[in-house]
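The lines below spell out each chain.
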Amino acid sequence: MNVRHHYRSSLQVAALMWLTTLLAGCGINNIPTLDEQAKGAWGQVQNQYQRRADLIPNLVETVKGYAQHEQETLTAVIEARAKATSIQVDASTLDNPEKLKQYEQAQNQLTGALSRLMVVSERYPDLKANQNFLALQSQLEGTENRIAVARRDFILAVQKYNTEIRTFPGRLWHTVMYSDLPIRETFEATSPGAEKAPEVKFQ
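Along each chain, the written sequence defines residue order, and numbers are assigned to residues from 1. Local features in this predicted model are restricted to residues whose pLDDT is 70 or higher, and side-chain atom pairs enter the listing and the counts only when it is 80 or higher, whereas totals over whole chains, interfaces and linings include all residues. Neither water nor hydrogens contribute to the side-chain values; these are computed over all heavy atoms in the structure.

The protein chain is annotated in an unreviewed UniProt entry as LemA family protein of Pseudomonas cucumis. UniProt positions are given in the numbering used here, feature names are shortened, and annotations may be inferred rather than shown by experiment. One UniProt comment on the protein chain, placed under Subcellular location (unreviewed entry), says "Membrane". The heading Sequence similarities (unreviewed entry) in the UniProt record of the protein chain holds the text "Belongs to the LemA family."

Written out as structure tokens, the structure is:
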């Protein structure tokens, strides 16, 4: 009796191991893995936008010291920053296309305001020679590059995730086990060339 019980237990363990191997090898974990990668990539987008927002107050103060007559441009940057940082986003934003679009539009407005500020700075040679301004300008350029990379990585992560849940066998697993995970939205090109990600042009 013990032999038969031991034999049955061994068969159950072997069957369980075989089933686990089969499931692991057929992509059952691909969808949650790709979902987490997309969320992680989104976190990097947020981090880089926050880094840019953190640089702006010092940049505005530095420009203000040399270009007090450019109040309209400075105010536009301050207001665009306030709007961009007022939109609260987290991983759940990926499930809310409207909020994602609002966030993207606010960031694009801030990019435009910063571009105008940099154009204004060209009129003030003393400002362009200021070491603090040069350092902030360099940090901002680096941050814009990081934003472009983070956006590209996010777009690719979402593309992989969306492809997985729309093709076989991922589509099957999505229907059976992960139907609560939706198709993800990504950044959209809202103007010619926008798909290249926002840039601040420095002269």
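There's more to say after this.
Right, let's get into the packing of helix H4 (residues 97-121) against helix H6 (residues 131-166). Look at H4 against H6: their axes get within 13 Å of each other, and the N-to-C directions meet at 150°. When the interaxial angle is binned, H4 and H6 end up roughly antiparallel. Both H4 and H6 take part in a crossing whose hand is left-handed. Of the residues in H6, those in contact with Glu 104, Asn 108, Leu 114, Met 118 and Ser 121 of H4 are Phe 133, Gln 137, Leu 140, Glu 144 and Arg 151. In terms of residue class, the contact of H4 with H6 is built from four nonpolar, three polar and three charged. Convention adopted: a line fitted to C-alpha atoms gives each axis, helices being fitted over their contacting stretch, and angles between N-to-C directions are expressed from 0 to 180 degrees. Strands here are runs of E lasting at least two residues and helices are runs of H or I lasting at least four, both read from the DSSP assignment and numbered beginning at the N terminus. What sets the label is the angle itself: under 35 degrees gives roughly parallel, over 145 gives roughly antiparallel, 65 to 115 gives roughly perpendicular, and the rest give oblique. Crossing chirality is assigned from the near helix's rotation relative to the far helix, an anticlockwise turn below a right angle marking it left-handed and a clockwise turn marking it right-handed. Contacts between residues were defined by any pair of non-hydrogen atoms, one from each residue, lying within 4.5 Å. Gly is put with the polar residues, along with every residue not named as nonpolar or charged; the nonpolar set is Ala, Val, Leu, Ile, Met, Phe, Trp, Tyr, Cys and Pro, and the charged set is Asp, Glu, Lys and Arg.

Here we take up the confidence of the model for the protein chain. Values of pLDDT, which run from 0 to 100, indicate the predictor's confidence residue by residue. Mean pLDDT over the protein chain stands at 84; residues scoring 70 or higher make up 79%. Ignoring residues within four places in sequence, the model shows residues 189-203, a span with pLDDT below 50, making 27 contacts including any to other chains.

Attention now moves to the packing of helix H3 (residues 71-86) against H4. Relative to each other, H3 and H4 sit at 160°, their axes nearing to 9 Å. In terms of axis orientation, H3 runs roughly antiparallel to H4. As for how H3 packs across H4, the hand of that crossing is left-handed. Contact residues: Thr 73, Leu 74, Ala 76, Val 77, Ala 80, Arg 81, Lys 83 and Ala 84 in H3; Tyr 103, Ala 106, Gln 107, Gln 109, Leu 110, Ala 113, Leu 114, Arg 116, Leu 117 and Val 120 in H4. For the contact of H3 with H4, the residue count by class is 12 nonpolar, three polar and three charged.

Once that is clear, we can look at the environment of Gly 112. Summarising the element assignment, Gly 112 is placed in helix H4. Separated by 32 residues in the primary sequence, Gly 112 and Ala 80 have C-alpha atoms spaced 9.0 Å apart.

Another point: H6. For an α-helix the count is 3.6 residues per turn, leaving residues at separations of three or four pointing the same way. By this rule, a helix spans an expected 1.5 Å times one less than how many residues it contains. For H6, with 36 residues, the first-to-last C-alpha span of 52 Å sits near the 52 Å given by 1.5 Å per residue. In the analysis that follows, any N or O atom pair within 3.5 Å is treated as a polar contact, provided that within protein one partner can donate a hydrogen and the other can accept it, and provided that, for residues neighboring in sequence, both atoms belong to side chains. Regarding H6, its N-cap is Asn 130, as a side-chain oxygen of that residue lies 2.9 Å from the backbone nitrogen of Asn 132 further along.

Quick look at a nonpolar patch on the surface now. Like charges are joined within 9 Å and nonpolar side chains (Val, Leu, Ile, Met, Phe, Trp, Tyr) within 5 Å, but only among residues with over 30% relative accessible area and no salt bridge; these make up the patches. Note on areas: these come from Shrake-Rupley sampling with a 1.4 Å probe, and a residue is covered only by the protein chains present in the view. Between Lys or Arg on one side and Asp or Glu on the other, a salt bridge is scored when a side-chain nitrogen of the former is within 4 Å of a carboxyl oxygen of the latter. A contiguous nonpolar patch, built from Phe 168, Leu 172, Val 176 and Met 177 and spanning about 450 Å² of accessible area, is present on the exposed surface. Tracing the sequence through the fold places Leu 172 in helix H7 (residues 170-176).

Attention now moves to the packing of aromatic side chains. Between 30 and 60 degrees the pair is tilted, below 30 it is stacked and above 60 it is edge-to-face, where a pair is any two Phe, Tyr or Trp rings, Trp via its six-membered ring, whose centres lie within 6.5 Å. A full pass over the atoms with the stated rule returns three aromatic pairs. Their ring planes at 65° and their centres at 5.4 Å tell us that Trp 42 and Tyr 103 sit as a pair that is edge-to-face. Here Tyr 103 lies in helix H4 and Trp 42 lies in helix H2 (residues 30-66), a separation of 61 residues in the sequence. Assessed through its relative accessible area of 0%, Trp 42 is described here as buried. When a residue's accessible area, from a 1.4 Å probe over protein chains only, is under 20% of the maximum for its type it is buried; when over 50% it is exposed; and in between it is partly exposed. Look at Tyr 103 and you get buried, because its relative accessible area is 4%. Look at Tyr 49 and Tyr 103: their rings are 5.8 Å apart centre to centre, the planes differ by 80°, and that puts the pair in the edge-to-face class. With Tyr 49 in helix H2 and Tyr 103 in helix H4, this pair connects stretches of sequence that are 54 residues apart. Residue Tyr 49 is classed as buried on the basis of its relative accessible area, which comes to 2%. Linked through ring pairs, Trp 42, Tyr 49, Tyr 103 and Phe 154 together constitute an aromatic cluster.

This part is about the nonpolar core. Put simply, buried Ala, Val, Leu, Ile, Met, Phe, Trp, Tyr and Cys residues joined by side-chain atoms within 4.5 Å make one nonpolar core. With 38 residues, the main nonpolar core has Trp 42, Leu 59, Val 63 and Phe 154 as its most contacted residues. At the level of secondary structure, the elements contributing two or more residues to this core comprise H2, H3, H4 and H6. Residue contributions to this core peak at 10 residues, all from H2. Those residues within four positions of Val 63 in sequence are excluded, and the remaining contacts are Leu 74, Leu 117, Leu 127 and Phe 133.

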